[in-house]
Amino acid sequence: LRKAHLAEAEAGRRHAELGLARTRFELGAQTADAFLTALAADRTVAAATASVDRALTIEKLVAALVSSELKPGADLSRSRAELAQARAQLVQAQQ
């Protein structure tokens, strides 16, 4: 009877150890997932910021060309629309 109780206790202990190992594994996986998600979000914001910078530079260049009458005003409207889109994407990436 004592051996049976000991075996039962040992099985319970082993079950608890396996449960702990599983919990630690799941916690590690969740931590890695959270880190990678944060890293991807950071990279997305950086890329969106670069797009805004690029669109702003192009908009200034096109504005100068339009004011010099070297490009039609429609090109300026298009570059402003692209800048607005880049800014919207940056706001979305920051959320």
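Use the structure listed above.
In what follows, the accompanying structure is described. (Residues numbered from 1 in each chain as written. Predicted model: local features only at pLDDT ≥ 70, side-chain atom pairs only at ≥ 80, totals over all residues. Heavy atoms only, no water.)

1. Quick notes on a nonpolar patch on the surface
Heads up, the condition is: Patches draw on residues past 30% relative accessible area with no salt bridge. Two like charges within 9 Å are joined, as are two nonpolar side chains (Val, Leu, Ile, Met, Phe, Trp, Tyr) within 5 Å. Computed with a 1.4 Å probe, the accessible areas rest on the Shrake-Rupley method; for each residue, only the protein chains presented here act as cover. The working definition used for a salt bridge is a side-chain nitrogen of Lys or Arg within 4 Å of a carboxyl oxygen of Asp or Glu. Strands are runs of DSSP state E lasting at least 2 residues, helices are runs of H or I lasting at least 4, and numbering of each runs from the N terminus. Accessibility here uses a 1.4 Å probe with only protein chains present; expressed as a share of the type maximum, an area under 20% marks a residue as buried, one over 50% as exposed, and anything in between as partly exposed.
On the surface, F35, L36 and L39 cluster together to form a nonpolar patch covering roughly 300 Å² of accessible area. On the secondary structure map, L39 appears in helix α1 (residues 2–67). With a relative accessible area of 33%, L39 lands in the partly exposed category.

2. Digging into the side chain of E59
Just so we agree on the cut-off: The contact criterion used throughout is that any non-hydrogen atoms of two residues lie within 4.5 Å.
Relative to the elements of secondary structure, E59 occurs in helix α1. Excluding residues that lie within four positions of it along the chain, E59 makes contacts with L76, S79, R80 and L83.

3. Some remarks on the packing of α1 against helix α2 (residues 73–94)
For clarity, the cut-off: For helices, the axis comes from a line fit to the C-alpha atoms of the stretch in contact; other axes are also lines fit to C-alpha atoms, and the angle between any two N-to-C directions lies between 0 and 180 degrees. Oblique is the label for every angle not falling under 35 degrees (roughly parallel), over 145 degrees (roughly antiparallel), or within 65 to 115 degrees (roughly perpendicular). In this scheme the handedness of a crossing depends on how the near helix is turned from the far one: anticlockwise by less than a right angle means left-handed, clockwise means right-handed. Residue type decides the class: Asp, Glu, Lys and Arg count as charged, Ala, Val, Leu, Ile, Met, Phe, Trp, Tyr, Cys and Pro as nonpolar, and the leftover types, Gly among them, as polar.
Where α1 contacts α2, the two axes come as close as 8 Å, and the packing angle between them is 165°. Between α1 and α2, the crossing angle belongs to the class labelled roughly antiparallel. When the axes of α1 and α2 are compared, the crossing they make is left-handed. Here the contact of α1 with α2 is built from residues that sort into 14 nonpolar, seven polar and five charged.

4. Let's talk about the nonpolar core
The test is simple: We define a nonpolar core as any set of buried Ala, Val, Leu, Ile, Met, Phe, Trp, Tyr and Cys residues linked to one another through side-chain atoms lying within 4.5 Å.
Membership of the largest hydrophobic core is limited to seven residues, which are A48, V52, A55, L83, A86, L90 and A93. For this core, the elements supplying multiple residues, two or more each, are α1 and α2. For this core, the element with the highest residue contribution is α2, accounting for four residues. Sequence-distant contacts of A93, defined by excluding residues within four places in its chain, comprise T44, V45 and A48.

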